[in-house]
Amino acid sequence: MDEKGDVKMALKIFLHRVLSDVAPGLVMMLESHVRLKLGKDLATSVIEEPNKVYEVLSKVMSEETLRILDKAIARYVFNKYHVRVDDSLLTELNKGSNKNLIRAALKLYGRVS
């Protein structure tokens, strides 16, 4: 698998495992909204169009809810995996930045085969 494929796979696993544990059902809802609006799966969209993913998220959830979800993700990852991740993984997508989200995915699932 090439580097982009590794990133996409790690991101997909991170989003599905972490979001499913933090908020059951949320990842399925986000996947369907992102696919409907952007025509791609969530992981691909985060890589290619992070700011558009944020637009979709902000139509489904308030900014305050996104900030709370960010904090819950960071706390969950630390408590379960003892790994510190940025506590603005989703809200930074608004600025077109996916670096911290990708970094977090690679920290946890970067050695996916």
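The rules behind these values
Each residue is numbered by its place in its chain's sequence as written, counting from 1. The model is predicted, so local features are restricted to residues of pLDDT at least 70 and side-chain atom pairs to those at 80 or more, both for listing and for counting; the totals for chains, interfaces and linings are taken over all residues. Side-chain calculation: all heavy atoms of the structure are included, whereas hydrogens and water are not. Each helix is a run of H or I in the DSSP string that is no shorter than four residues. Each strand is a run of E no shorter than two, and both are numbered from the N terminus. The reference for a compact globule is 2.2 Å times residues^0.38; the radius of gyration itself is calculated from the C-alpha atoms. Exposed residues in this analysis have more than 50% of their type's maximum accessible area, buried residues have under 20%, and partly exposed residues fall in between, with area computed by a 1.4 Å probe over protein chains only. In this analysis, the expected span of each helix is defined as 1.5 Å times one less than the number of residues it contains. By the convention used here, residues are in contact when the closest approach between their heavy atoms is within 4.5 Å. In this analysis an axis means a line fitted to C-alpha atoms, helices contributing only their contacting stretch, and an angle means the value between N-to-C directions, from 0 to 180 degrees. The scheme is simple: roughly parallel for angles under 35 degrees, roughly antiparallel for over 145, roughly perpendicular for 65 to 115, oblique for anything else. The residue classification treats Ala, Val, Leu, Ile, Met, Phe, Trp, Tyr, Cys and Pro as nonpolar and Asp, Glu, Lys and Arg as charged. All others, Gly included, are polar. Among buried residues, those of type Ala, Val, Leu, Ile, Met, Phe, Trp, Tyr and Cys that are joined through side-chain atoms within 4.5 Å constitute a nonpolar core. By definition, a salt bridge exists where a carboxyl oxygen of Asp or Glu is found within 4 Å of a side-chain nitrogen of Lys or Arg.

Colleague: Outline the overall build of the protein chain, supporting the account with residue identities and numerical values.
Modeller: Across its full length, the protein chain carries 6 helices and 0 strands. Taken from N to C terminus, the helices and strands of the protein chain fall in the order α-α-α-α-α-α. By the compact-globule yardstick of 13 Å for 113 residues, the protein chain fits well, its C-alpha radius of gyration being 13 Å. Expressed along its principal axes, the backbone C-alpha trace of the protein chain runs to roughly 35 × 30 × 25 Å. Looking at the protein chain as a whole, 44% of its 113 residues qualify as buried.

Colleague: Would you mind going over helix H1 (residues 3-22) in detail, with residue names and values included?
Modeller: The α-helix winds at 3.6 residues per turn, so residues separated by three or four positions along the chain end up facing the same way. Taking 1.5 Å of rise per residue, the 20 residues of H1 would be expected to cover 28 Å, and the 28 Å separating its terminal C-alpha atoms lies within 8% of that figure. For H1, every residue scored as buried is listed here: Gly5, Val7, Ala10, Leu11, Ile13, Phe14, Leu15, Val18 and Leu19. Turning to H1, the residues buried within the fold contact helix H2 (26-38), helix H3 (42-48), helix H5 (63-81) and helix H6 (99-109).

Colleague: I'd like a description of the packing of H1 against H6, backed by residues and values.
Modeller: Between H1 and H6, the least distance of the axes is 8 Å, while the angle of their chain directions is 85°. Taken together, the axes of H1 and H6 are roughly perpendicular relative to one another. Taking contact as the criterion, the partners of Asp6, Val7, Ala10, Leu11, Ile13, Phe14, Leu15 and Arg17 in H1 are, on H6, Leu101, Ile102, Ala104, Ala105, Leu106, Leu108 and Tyr109. Split into classes, the residues belonging to the contact of H1 with H6 amount to 13 nonpolar, no polar and 2 charged.

Colleague: Would you mind going over the nonpolar core in detail, with residue names and values included?
Modeller: Counting residues in each nonpolar core, the largest one holds 38 residues, and the members touching the most others are Phe14, Ile73 and Val77. Of all the elements in the fold, those that place two or more residues in this core are H1, H2, H3, helix H4 (50-60), H5 and H6. For this core, the element with the highest residue contribution is H1, accounting for 8 residues. Here Val77 is in contact with Phe14, Val18, His82, Val83, Val85 and Leu108, once residues within four sequence places are set aside.

Colleague: Can you lay out the pattern of salt bridges for me, pointing to particular residues and giving the numbers?
Modeller: Applying the stated criterion across every chain, the model contains 6 salt bridges. In this structure, Glu63 and Arg67 form a salt bridge, with 3.9 Å as the shortest nitrogen-oxygen distance. Note that Glu63 and Arg67 are positioned in helix H5 at a spacing of 4 residues, about one turn of the helix. Two residues, Lys71 and Asp87, come together in a salt bridge whose shortest N-O distance is 3.2 Å. With Lys71 in helix H5 and Asp87 in the loop between H5 and H6, this pair connects stretches of sequence that are 16 residues apart. Judged by its relative accessible area of 42%, Lys71 is partly exposed. A single network of salt bridges, built from pairs that share partners, joins Lys40, Glu48 and Glu49.

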